[in-house]
Amino acid sequence: MRRSLAGRVSRVTAQYPPLSAEHIDISDIEFWGRPLADRRAAFAVLRSQEHPPFFAEPEFVFDSGPGYYALVRHADVVEASRNPEVFCSGKGAVSIQDLPVEFNEYFGSILNMDDPRHARVRRIVSRAFTPRMIQKFADDVAQLAAGIVDDLLATGPCDFVEHVAARLPLTIICRMMGIPDDSYDMVLRNTNTILSGFDPDLISQDVDAAVTQLLTAGAELAGLVTALGNDRADSPRDDLVSALVNANIDGEQLTTAELGSFFILLVVAGNETTRTALSNALVLLTDFPDQRELLLADIDGRMPGAVEEIVRYVSPVMFMRRTLTRDYRMNGHDYHEGDKAILFYWSANQDETVFTDPARFDITRSPNPHVGFGAAGPHFCLGAHLARREITVMLRELLTRVPTIRAAGPPDRLLSSFINGIKHVDCDFSR
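Starting afresh in each chain, residues are numbered from 1 along the sequence in its written order. It should be noted that, the model being predicted, local features are given only for residues of pLDDT at least 70 and side-chain atom pairs only at 80 or more, the latter also being counted only at that level, while totals for whole chains, interfaces and linings use all residues. Working from all heavy atoms in the structure, the side-chain values ignore hydrogens and water.

Peer 1: I tried to follow the nonpolar core on my own but got confused; where do I start?
Peer 2: General note: in soluble globular proteins, nonpolar side chains tend to be found buried as a group. Counting residues in hydrophobic clusters, the biggest one holds 136 residues, and the most contacted among them are Ile26, Met177 and Phe344. What is meant by a nonpolar core is a set of buried Ala, Val, Leu, Ile, Met, Phe, Trp, Tyr and Cys residues, joined one to another through side-chain atoms within 4.5 Å. Categorising residues by exposure relies on relative accessible area from a 1.4 Å probe, with only protein chains included: less than 20% of the type maximum marks a residue as buried, more than 50% marks it as exposed, and the intermediate range marks it as partly exposed. In terms of nonpolar packing, the next biggest core, distinct from the first, is built from seven residues, Leu99, Phe103, Val211 and Leu214 among them.

Shown next as structure tokens:
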């Protein structure tokens, strides 16, 4: 284990060096502190190479492994996703490096599983998401969005992430699970820790302290849902914990560990995907005023396309990892058993062979076969429908009642290769 991260997280403001492939190192955390335009240009160079580029693994917390192939083209990401028997997730999907079993179990849940266990757990949790329950919380989204805009108008210009983007998904997920109101802050704090990436504002740069922070965050969340699960097993209520604890599919139920790890996944992914999409949406609608005006001219008609384009452009979760189970040839390149392949959704969603002028934010883009929720396959995002609804309802409420809202300055971006997050962005609607 590496003992210190000092010097690995310096803020970068200079432009990227000459964009030749040998100058690009996406395993270096400094790369992820570069301006978005520089990163976008670098991935364009990588996509232009004859074969997928190979990188040494990043230095962080655990000792590095043998390296990985970066799947940066749309076709590669799609094919790997459709062949889970070759590109497996069970050796770890949310980290480039191999993590201890307890980390995978805590922080990955079904993301770090292959069939048949993946199919079993997904079948059980999917049964808990009944149409009646989904509709109940879909109705809550509209009510909550209206209340958030009420508070925004009363507060005035503020940090958009804190007062708008983070509030809606956190509240919805907590209400779905039946989490008491006084636990919301704890859930948000631990969610931020788990998805802190390399950001020194959110996680210690001392390795031992960082590991302790991550394990503590996971344990607190798992402990919360375990206590709720024990209560709901005896006294079920109209919430998702009750449905998960009491779900019985052909005699199969979630174990206590599976319930805890799925809860961590749900609150982390369910919160962060929508928060990241909404935060970036404000910036995009500020940076592309023509698209903003187009949306305002027909909010209901153009909102579905706008949501899909936001998810494509932002790619809230920027990668997932797969490991080869056997030798395999894909799109002219030979992979070997044990190779690591990182599916870079962020790059696939900018592939020039699939998306015309991919650097342009275009809410009328059609078709839009983005992989912002993952590509088709068994690991396609379970919460994609809810995320789309949350983004839709929140943006409609905002743009209808606060049509002049804009980003008041550049966003403070999360230093991470995994989440395309924004920590803070001021908003203004005084005009």
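Right, picking up where we left off after that structure.
Peer 1: Help me understand the layout of surface pockets in this model?
Peer 2: Left-over empty space is what a probe sized like a water molecule reveals as it rolls over the atoms. In this structure, the second largest pocket occupies an estimated 450 Å³ of space. Where helices and strands are cited, they refer to DSSP runs of H or I of at least four residues and of E of at least two residues respectively, numbered from the N terminus. Elements represented by at least two residues in the lining of the second largest pocket include exactly α6 (160–165), α7 (167–177), α8 (184–194), α11 (256–287) and β10 (422–424). At five residues, α8 tops the list of elements feeding residues into the lining of the second largest pocket. Note on residue classes: Ala, Val, Leu, Ile, Met, Phe, Trp, Tyr, Cys and Pro are nonpolar, Asp, Glu, Lys and Arg are charged, and everything else, Gly too, is polar. Here the lining of the second largest pocket is built from residues that sort into nine nonpolar, five polar and eight charged. Here a cavity is any set of points on a 1 Å grid over the protein atoms alone where a 1.4 Å probe fits but cannot get out, and a pocket is any open set with protein on both sides within 12 Å along at least 5 of 7 lines; a residue lines the site when it has an atom within 4 Å of a point. Grid points are joined across faces, edges and corners, and a volume is the space filled by probe spheres set on the points.

Peer 1: Any chance you could explain unusual backbone geometry here in plain terms?
Peer 2: Peptide bonds are, in most cases, trans, and in most cases residues other than glycine have a negative phi. Of note, the bond from Asp115 into Pro116 is cis; its omega dihedral lies within 30 degrees of zero at 10°. Of note, Pro116 is situated in the loop between α3 (101–108) and α4 (117–128). In the segment running from Ser366 into Pro367, the intervening peptide bond is cis, with an omega of 0°. The residue Ser315 is not glycine, and still its phi comes out positive at about 50°. Relative to the elements of secondary structure, Ser315 occurs in the loop between α13 (299–314) and β4 (319–324). The exposure class assigned to Ser315 is buried, which follows from its relative accessible area of 0%. Of note in the backbone geometry, Asn331 takes a positive phi value of approximately 50° without being a glycine.

Peer 1: Help me understand the pattern of salt bridges, please; the structure alone is not making it clear to me.
Peer 2: Salt bridges are defined as contacts in which a side-chain nitrogen from Lys or Arg sits within 4 Å of a carboxyl oxygen from Asp or Glu. The full count for this structure, using the stated rule, is 23 salt bridges. Between Glu308 and Arg388 there is a salt bridge whose closest N-O contact spans 2.6 Å. Residue Glu308 is found in helix α13, and its partner Arg388 is found in helix α15 (residues 384–401); the two are separated by 80 residues along the sequence.

Peer 1: Sorry if this is basic, but what is going on with the sheet that holds strand β2 (residues 68–71) here?
Peer 2: Within a beta sheet, neighbouring strands are joined by backbone hydrogen bonds and run either parallel or antiparallel to one another. By definition, two strands form a pair when at least two bridges between them are found by DSSP. Strand order in the open sheet made by the five strands is β1-β2-β7-β4-β3, with mixed pairing throughout. Edge positions in the open sheet fall to β1 (54–55) and β3 (87–88), since each of these has one partner strand only. Bridge count for β1 against β2 is two bridges, and the pairing is antiparallel. Of the residues in β2, the one forming a bridge with Phe54 is Tyr69. By the convention used here, residues are in contact when the closest approach between their heavy atoms is within 4.5 Å. Under this scheme, a helix contributes an axis fitted over its contacting stretch, all axes are lines through C-alpha atoms, and angles between N-to-C directions fall in the 0 to 180 degree range. Each of β2, β3 and β7 (340–344) touches helix α2 (residues 74–82); the most contacted strand, β7, lies at about 120° to it.

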